[in-house]
Every structure is written in C-alpha cells, then in structure tokens.
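Analysis of the macromolecular model
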Amino acid sequence: MLQALKRDKAFYGYLLRLTGPIALQNLITFSLGLIDTLMVSQLGNNEMAAVTAANVPVFLLISIVFGVQSGVGILISQYWGKKDLTSISRAIGVAAGLGVALALVIALALFLWPVQIMDLMSNKHHLSLLGAPYLRVIGFSYVFNMLSSIYVSAQRSVENSSFGMKLFGVSTLLNTGMNYLLIFGKLGLPALGVRGAAIATVASQVVSAVLCIIKLTRSDGPYRLEIKRIGFDLPLLKKITSQGVPSGVQNSIIAIANVVVQSNINPFGSDAMAGCGSYSKVEGFVFLPITAFAMALTTFIGQNLGAGQFDRAKQGARIGILCSMAMAELIGVALFFLAPYAMRLFNDDPAVVAIGVLLTYAGSIGTLSVAAVLMYQAAWSALSLAVCALKQH
C-alpha cells in the first residue's frame, strides 16, 4: 500500500489543488440544506419531520442534476485533455437543454401534486399537509441549480475548480439571510415557516444561475455558451447520457431506497422522522471530503485519458481509492464518538437525539465500504465504464 502511494510532490500538489476547492464547494453547497434544517428545526419536531419527508422525492431531482453534471463533466475533462475547445462549448449547450427540460418536468409534478406525492411515503397526512408548501416551491430551485451545476462542472473539468466555491459561497450567504427573514418573519416580512425556507432556496439558486449565464455568454474561454448551441445534438446527447444516465440511476436507486426506509420510519412518529433527518445531515457532512476526492478523481482520470496518459490515469485511480479508504476509517471513528454532540446541534429533544445517535452508530460502521464504492464508481465513470459502476449498486 505504501509503495503505491509513493509519488512526486507535483502529483499530490495537483490533486490537492483540484480537491481543495471542490471540498469547500461541497461544504458550501451542503450548508444550504444544513441551514434550512437548523432553522426549520426551531419551528418544532413536526415541521422538521415534514421537511425531512418532503426532501425524499426531492432527491430524485438531485439525482438528475448529478447525472447530467457527471456526464458533461467527464466529456469536458476528456475534451480538455485533447484541447478540443469547440466540443466543450457544444457539450455545455446540449447538457443545459437536456438538464433544464428534465428538472422542469419533475419540478412541475412536485408543484401540482405535493400532498399526493408525500402521502406515498407517509401514513401521516397532517405531515404531508405541513410539508406540501415546501415541496411545491423547492422543486423549482433545481431547475436553476441545473444551470449553475453544469457550468461549475465545466469549470472544474478545465482546471478552474475554485469558481464553484466562490459562486456557491455567494448563494449560501444569500440563502442564509433570506431564510432568517422569511422563516421567522423579520424586518416586517411575513413569517412563512417551511415555505419561507423553500422560497429562500429558490431565490439563491436564481441568483447563482443568472451569474452563471452572464459568465457563460460573455466569456472568451472554452466554456463560452452560445444560445444557438442549446439544443439536442444527437451524437453529443448520446455521449452525455451514456455517462450521465448510469450516474443518475445510481443516485435514483439510493433515492428509492430512501423512500423505502422513510416509509418504514414514518409510522414511528415525528420524533423518529426528525432523528432520521438530523442523522442524514451529519452523514452528508462527514462524507464531504470523500465525495470531493471522488469528484476530483473523475476529473483527473478524464483529463489524462483525453491526453493519452493512461499510466498516470491508472496511478491516480489507485492512489485515490487508497487515500479515501484511509480517510473513511478516521471519519468512522470520529463519527462514533462524537455522535451525541453532533445530534444536539439540530435538536435538543432527548427522544430525537437518542434516535439520531443510534443511526449514527450504525452508519459509522459502514464508512469504509461506502468510500470504496464512491471511489470505484468515480474511476469507472471516468474510464467511460459508467455501466460497471451502476452494476455495483
């Protein structure tokens, strides 16, 4: 193992420069949901449980965003390695048309039938009614998030991973301020509760998307977007979907599993639902470094494959897998011992904390296997073997 990790400083320096901004970007993006959870939890356990249940179908939208982002990111990494700049611009245009169309269809379904969709996952109709105003609005945030995610993925693939960190930093600050104003009704604004959290998220994503569109259309770089390139170039669409569909399906499998788990948790009441929601936020936070490493690995392998440096791509995959598994071991140990303190950040109700701690203890055992799956998935996807990654699930 140690022999496999022996590389020159320049190699690790490049990986660190790529991974660092991605990790910060993921932390900022994750904090959007975390801020919603922290503020909504102050409204009560029922509100917290309702938003937790509402976020389960929202994960389907996240899967679509991730799938399109992954597909176009892998292609752009390879084009960048080949220095095929024209294809980069075309890929962004096709991904934007495909992604926005898919996200809009799902967002409209959530808007039109929020209660019915939540009732599929819960036998507590009063929570469906409570979470419906949130679900009706939050779906549209991912239509705008699709645009910004595609552009951030393109920037990362051409070795400008710091852009996403800056963009989502602005978005998070805006979301935090608007959450406070709209959830609790400050500065003369109405107290909108859970619906206020959704409106704040949509507004922050609109600002991010507008900034990206301005940058895309005015840039002179390889990622410049021309309106005429937004459409469905069939050959390029096939390439994007060949990578993106397996990645999206992988996440959809997780979403379906979450629906099954959530439907079994819901009968135990709002305390169990709130505890599960708190645990999911803690789990998401502790896996941020590994997720960032996986995203950086995909970009690294794609670029080197495009440039024909196959040995370097293989070495990067090996090192990424070993490093992530080492990080996972440390994360699992820390998660086990810090579980009670982490749960109290979201809720001080003893019943909710106890449930969250129990879930965290169970989750800490599986960190190593989850890290290995994420890294193999990233490596296979970058090698244009996304179907292999899908079969692993």
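Residues numbered from 1 in each chain as written. Predicted model: local features only at pLDDT ≥ 70, side-chain atom pairs only at ≥ 80, totals over all residues. Heavy atoms only, no water.

With respect to the overall build of the protein
Convention followed: Labels follow the DSSP assignment, with helices taken as runs of H or I lasting at least four residues and strands as runs of E lasting at least two, numbered in each case from the N terminus. When a residue's accessible area, from a 1.4 Å probe over protein chains only, is under 20% of the maximum for its type it is buried; when over 50% it is exposed; and in between it is partly exposed. We call two residues in contact when some of their heavy atoms are within 4.5 Å. To measure how exposed things are, a 1.4 Å probe is used in the Shrake-Rupley method; for residues, cover is taken only from the protein chains shown.
The helix and strand inventory of the protein stands at 15 helices and zero strands. Here the protein holds 393 residues, and 53% of them are scored as buried. Taking all contacts inside the protein whose residues are at least 6 apart in sequence as the whole, residues at least 24 apart take part in 79%. Total accessible area on the protein stands at roughly 16,900 Å², and carbon and sulfur atoms take up 69% of it.

Considering the nonpolar core
Applicable threshold: What we call a nonpolar core is a set of buried Ala, Val, Leu, Ile, Met, Phe, Trp, Tyr and Cys residues that are connected through their side-chain atoms within 4.5 Å.
If you look at the biggest cluster of nonpolar residues, it comprises 61 residues, and the most contacted ones within it are Ile76, Tyr134 and Leu135. When residues of this core are assigned to their parent elements, the largest contribution, 16 residues, is made by helix 2 (residues 45–82). Non-local contacts of Tyr134, meaning those with residues more than four positions away in its chain, are made with Asp36, Val51, Ala54, Asn55, Val194, Ala197 and Ala198. In terms of nonpolar packing, the next biggest core, distinct from the first, is built from 16 residues, Ile290, Leu335, Ala339 and Met343 among them.

Quick word on the packing of helix 7 (residues 162–184) against helix 8 (residues 194–218)
Test applied: All axes here are fitted lines through C-alpha atoms, helices being fitted over the stretch that makes contact, and every angle between N-to-C directions spans 0 to 180 degrees. Angles are sorted into four bins: roughly parallel if under 35 degrees, roughly antiparallel if over 145, roughly perpendicular if 65 to 115, and oblique for all others. Rotating anticlockwise by less than a right angle from the far helix to the near helix defines a left-handed crossing, while the corresponding clockwise rotation defines a right-handed one. Here the term charged refers only to Asp, Glu, Lys and Arg, the term nonpolar to Ala, Val, Leu, Ile, Met, Phe, Trp, Tyr, Cys and Pro, and the term polar to all other amino acids, Gly among them.
Orientation of helix 7 relative to helix 8, taken along the N-to-C sense of each, is 150 degrees, at an axis distance of 8 Å. As far as their axial angle goes, helix 8 and helix 7 are roughly antiparallel. Once helix 7 is placed against helix 8, the crossing between them reads as right-handed. Classifying every residue of the contact of helix 7 with helix 8 by side-chain character gives 13 nonpolar, eight polar and one charged.

Overview of unusual backbone geometry
For Leu187, which is not a glycine, the phi torsion comes out positive at approximately 55 degrees. Within the secondary structure, Leu187 sits in the loop between helix 7 and helix 8.

Quick word on the side chain of Ser148
In this structure, Ser148 sits in helix 6 (residues 141–157). Contacts of Ser148, omitting those with residues within four sequence positions, involve Leu167, Phe168, Gln205, Ser208, Ala209 and Cys212.

Let's talk about the packing of aromatic side chains
Counted only if it meets this: Only the six-membered ring of Trp is used, alongside the rings of Phe and Tyr, when aromatic pairs are assigned; centres must lie within 6.5 Å, and planes under 30 degrees apart are stacked while those over 60 apart are edge-to-face, with the rest tilted. Working rule: Lys NZ or Arg CZ, within 6 Å of ring centre, within 35 degrees of ring normal, means a charge sits over the ring.
Scanning the entire structure with this criterion turns up four aromatic pairs. Arranged with centres 5.5 Å apart and planes meeting at 80 degrees, the rings of Phe336 and Phe337 form a pair that is edge-to-face. Taken together, Phe336, Phe337 and Tyr361 form an aromatic cluster joined through their ring pairs. Above the face of the Phe111 ring, Arg136 is positioned so that its terminal group lies 5.3 Å from the ring centre.

Some thoughts on the confidence of the model for the protein
Keep this limit in mind: pLDDT expresses, on a scale from 0 to 100, how confident the predictor is about each individual residue.
The share of residues in the protein with pLDDT of 70 or more is 79%, and the mean pLDDT across the chain is 77. Taken together, the stretch residues 385–393 has pLDDT below 50 and engages in 26 contacts with residues farther than four places along the chain or on a different chain.

Topic: the environment of Lys281
Relative to the elements of secondary structure, Lys281 occurs in helix 10 (residues 270–286). By relative accessible area, which is 17% here, Lys281 ends up buried. Along the primary structure Lys281 and Met343 are separated by 62 residues, whereas in three dimensions their C-alpha atoms are 9.4 Å apart.

With respect to the side chain of Ser141
Mapped onto the elements, Ser141 comes out in helix 6. Other than its neighbours up to four places away in sequence, Ser141 contacts Thr201, Val202 and Gln205.

Some points on the environment of Gly193
Counting through the fold element by element, Gly193 comes out in the loop between helix 7 and helix 8. Residue class for Gly193 comes out buried when judged on its relative accessible area of 13%. Sequence separation between Gly193 and Tyr134 is 59 residues, and the spatial gap between their C-alpha atoms is 9.0 Å.

So, a nonpolar patch on the surface
The following threshold applies: Note that patches include only residues with greater than 30% relative accessible area and no salt bridge, and the join distances are 9 Å for like charges and 5 Å for nonpolar side chains (Val, Leu, Ile, Met, Phe, Trp, Tyr). In the sections that follow, a salt bridge refers to a side-chain nitrogen of Lys or Arg positioned within 4 Å of a carboxyl oxygen of Asp or Glu.
Nonpolar side chains collect at one region of the surface, where Leu104, Leu108, Phe111, Leu112 and Trp113 lie side by side and expose about 450 Å² of accessible area between them. Classification of Leu112 by relative accessible area gives partly exposed; the value is 47%.

As for the environment of Ile35
On the secondary structure map, Ile35 appears in helix 1 (residues 9–41). Expressed as a C-alpha distance, the spacing of Ile35 and Asn179, which sit 144 residues apart in the sequence, is 8.1 Å.

Some remarks on helix 5 (residues 125–138)
In plain terms, the rule: What a helix should span is 1.5 Å times the count of its residues minus one. Note on bend: at a given residue it equals the angle between the axes fitted to the 7 residues ending there and to the 7 starting there.
Taking 1.5 Å of rise per residue, the 14 residues of helix 5 would be expected to cover 20 Å, and the 20 Å separating its terminal C-alpha atoms lies within 8% of that figure. Its maximal kink placed at Gly131, helix 5 deviates by approximately 45 degrees, while the proline Pro133 follows within four residues. Considered for burial, the residues of helix 5 that qualify are Leu127, Ser128, Gly131, Ala132, Tyr134, Leu135, Val137 and Ile138.

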